[in-house]
Every structure is written in structure tokens, then in C-alpha cells.
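Report on the structure
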Amino acid sequence: MSKIAILQLATLPLSDARLDYYLKICKDRGAKLVVLGEYVLNSFFKELENMPKNIIKQQSDEKKRTLCELSKRYELSIIAPLVVFNAKGFLKGFAKFTNGSYKFTQQQILMPYTHWNEAKFFTNKMGEKLDFLSFKFENLRVGVMSGYEAYFDESFASFKAHLDLLIVPTASTFESNARWDKLLRLRSLTQGMYVARVNRIGAYKPKPKQNDKKPQNEIWKFYGDSFVCNALGEIQNRLGDEEGILIFDIDKKELANQRAIWGFGSIKNKLKV
């Protein structure tokens with residue numbers, strides 16, 4: 001039985017007190033793998049667009065130092081989206097902290113939309129082959145991808161081994177929770193795996209544009225609704241719209257039983273592509 005914890009949070013301050021508090025709870029409750037949502041270690045993307053580069057770098061460096069230290073103190077593996085600085089600018093991706101060590105993997109596919117253009121801001125470059133973060137946790141094969149990447153069949157085809165758990169950190173807003181619910185439950189069923197969706201909370205209010213005489217009442221609300229679903233596409237547990245922790249178990253024998261009901265994995269193995 002493997003125990004995993006989801007932390008549903010807003011963007012964290014530079015102080016490590018809040019992370020220390022929650023990670024100690026995870027440790028005390030027996031969880032050994034902890035997952036954070038998108039834009040929790042860093043400010044939200046639209047805020048990053050207008051922040052000085054040195055402030056973004058300071059924010060990332062401080063969180064990296066903190067999580068390296070806390071992962072060692074509480075003997076945890078921690079998965080968290082992170083923005084890092086390189087010679088060309090900023091990279092967006094996922095960090096894995098274990099026993100004081102740190103590994104960073106770039107996000108493979110970035111959103112290109114006018115109102116949320118990560119592809120233009122970050123310096124990530126998609127190669128000919130997708131290369132997502134994956135690792136062994138106890139007896140589970142775990143993969144990590146962003147919510148946007150979960151829309152593409154190619155993302156799932158790129159994993160070399162069958163996943164037991166897919167971690168999907170998000171920063172979802174605009175009342176989109178029903179869509180994410182359907183998408184990720186379908187992926188869990190057809191891929192025969194657990195899916196842990198980890199969404200952030202909080203809000204972003206766009207700054208008024210120059211010479212804009214109309215008041216800006218728009219607020220982007222990040223609604224939480226983090227959840228875990230099993231290999232049958234069934235929601236096992238979920239959080240509401242407030243800060244909190246969700247701890248869940250994965251039993252490898254039960255996972256095998258769930259996969260056997262529909263048998264999609266055995267059929268896929270016989271298909272010739």
C-alpha cells in the first residue's frame with residue numbers, strides 16, 4: 001500500500017513556515033510522496049509576465065532551497081511545478097525533491113493562447129521526442145504532466161512503461177472543473193491508472209490597461225477541486241475550494257483488479273501501430 005498526499009494551496013510566501021507545517025502533517029500521517037499544484041512555488045503566470053527577472057529567480061531559488069531541506073528533514077519525495085532561470089530566460093517544468101536532492105524536467109507542451117501565452121514567455125523547446133518526468137515510487141510507476149499536456153494522445157504514448165499513477169498539477173480557472181473532471185476520468189479509465197489532479201486555489205485580478213476608462217471587475221479564480229480517481233475512472237476523493245490536504249492510498253493488487261475489469265491494457269499490447 002502506497003500513501004500519497006495532495007497539497008491544495010495558493011502561491012506560497014517566501015517563508016518556509018507554511019510548507020514546513022503541511023509537510024510535517026504528511027509525514028505524521030504516513031505519506032511519503034507529496035504533490036503541489038501549479039504556480040504554488042512561483043507566482044501565477046500573468047504576474048510573472050510583469051515581474052523583474054531577479055525577483056522571479058529569487059523566488060525560485062528560495063523555494064528550491066526550502067524543498068531540498070524539507071524533503072530531507074521529513075524523508076519525503078515532493079513533486080512541484082517550478083520556474084527556473086537559464087542563460088536564455090526562464091524554463092517551466094517539474095521538480096522532484098528527494099532526500100535533499102533536486103531533479104528538474106522541462107514541461108513538454110506549453111499553452112499558446114493570447115490570454116495565456118506560456119509558449120511565448122518561457123524558453124522551453126519541444127524536441128522530436130516527448131520526455132516527461134517519470135520515476136519509481138515504492139512499487140508504483142509514476143508519471144507527471146501538466147493539465148494542458150493531458151489533452152494530447154502523444155503525451156501518453158511517450159511513456160516507456162505503463163503508469164500506475166499520473167500526477168497532473170494544474171492552475172485551472174474560469175469554471176472549467178467539469179471539463180477537467182471528464183477529461184482526466186476518461187484518461188484514467190482508458191490508460192488503466194490512478195490520476196491525481198492537483199489544482200491551486202487563490203485569485204488573480206488583471207491590472208487595468210493604460211487609457212482604459214472602464215473599471216476592471218474581472219477576477220480569475222482558481223477553484224481547487226483537486227481529486228484522485230482510480231483505474232475505473234471513478235473519483236475516490238476530492239477537495240473543495242479551500243486550502244487543505246488530501247491523502248490517499250494505492251494498493252497494487254486492487255489496481256490490477258481494476259485494470260482486469262475492462263482489460264484495455266491487454267488489448268493495447270496486441271495492437272500493431
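Residues numbered from 1 in each chain as written. Predicted model: local features only at pLDDT ≥ 70, side-chain atom pairs only at ≥ 80, totals over all residues. Heavy atoms only, no water.

Named according to an unreviewed UniProt entry, the chain is CN hydrolase domain-containing protein originating from Campylobacter suis.

**A few points about the nonpolar core**
Grouped together as the largest cluster of nonpolar side chains are 34 residues, with contacts concentrated most on Phe44, Phe122, Leu166 and Leu184. Within the residue set of this core, elements represented by two or more residues are helix H2 (45–48), strand S10 (165–170), helix H6 (177–191), strand S13 (220–223) and strand S14 (227–229). Those residues in contact with Leu184 that sit more than four places away from it in its chain are Ala150, Val168, Val195, Arg197, Phe227 and Cys229. Formed by 27 residues, the second largest nonpolar core is a distinct cluster that contains Leu19, Val40, Leu41 and Ile78. (Core = buried A, V, L, I, M, F, W, Y, C linked by side-chain atoms within 4.5 Å. Buried < 20%, exposed > 50% of the residue type's maximum accessible area, 1.4 Å probe, protein only. Helix = DSSP H or I, 4+ residues; strand = E, 2+ residues; numbered from the N terminus. Contact = heavy atoms within 4.5 Å.)

**Quick look at the sheet that holds strand S15 (residues 235–238)**
As summarised here, the arrangement of the 6 strands in space is S8-S9-S10-S11-S14-S15, forming an open sheet in which the pairing is mixed. The open sheet terminates on both sides in strands that have one partner only, identified here as strand S8 (133–137) and S15. Ignoring which end each strand starts from, the neighbouring axes of this sheet average 20° apart. Pairing geometry for S10 and strand S11 (residues 194–199), over 6 bridges, is parallel. Bridging across to S11, Leu165 finds its partner in Tyr194. Helix-sheet contacts for H6 involve S10, S11, S14 and S15, and the interaxial angle to S14 is about 35°. (Pairing = 2+ DSSP bridges. Axes fitted to C-alpha atoms, helices over the stretch in contact; angles between N-to-C directions.)

**Some points on unusual backbone geometry**
Phi at Phe174 takes a positive value of approximately 60°, unusual for a residue other than glycine. Tracing the sequence through the fold places Phe174 in the loop between S10 and H6. Residues other than glycine seldom take positive phi values, yet Asp225 does so here, at roughly 60°. Mapped onto the fold, Asp225 is located in the loop between S13 and S14.

**Quick word on the pairing of strand S2 (residues 33–36)**
On S2, burial covers both faces: Leu33 and Val35 on one face and Val34 and Leu36 on the other are all buried. In this structure, strand S1 (residues 2–8) lies alongside S2, joined through 4 bridges in parallel fashion. In the sheet register, Ala5 faces S2, and the bridge partner there is Val34. Here S2 pairs with strand S3 (residues 77–86) via 3 bridges, running parallel. When the sheet's bridge partners are listed, Val34 is paired in S3 with Ile78.

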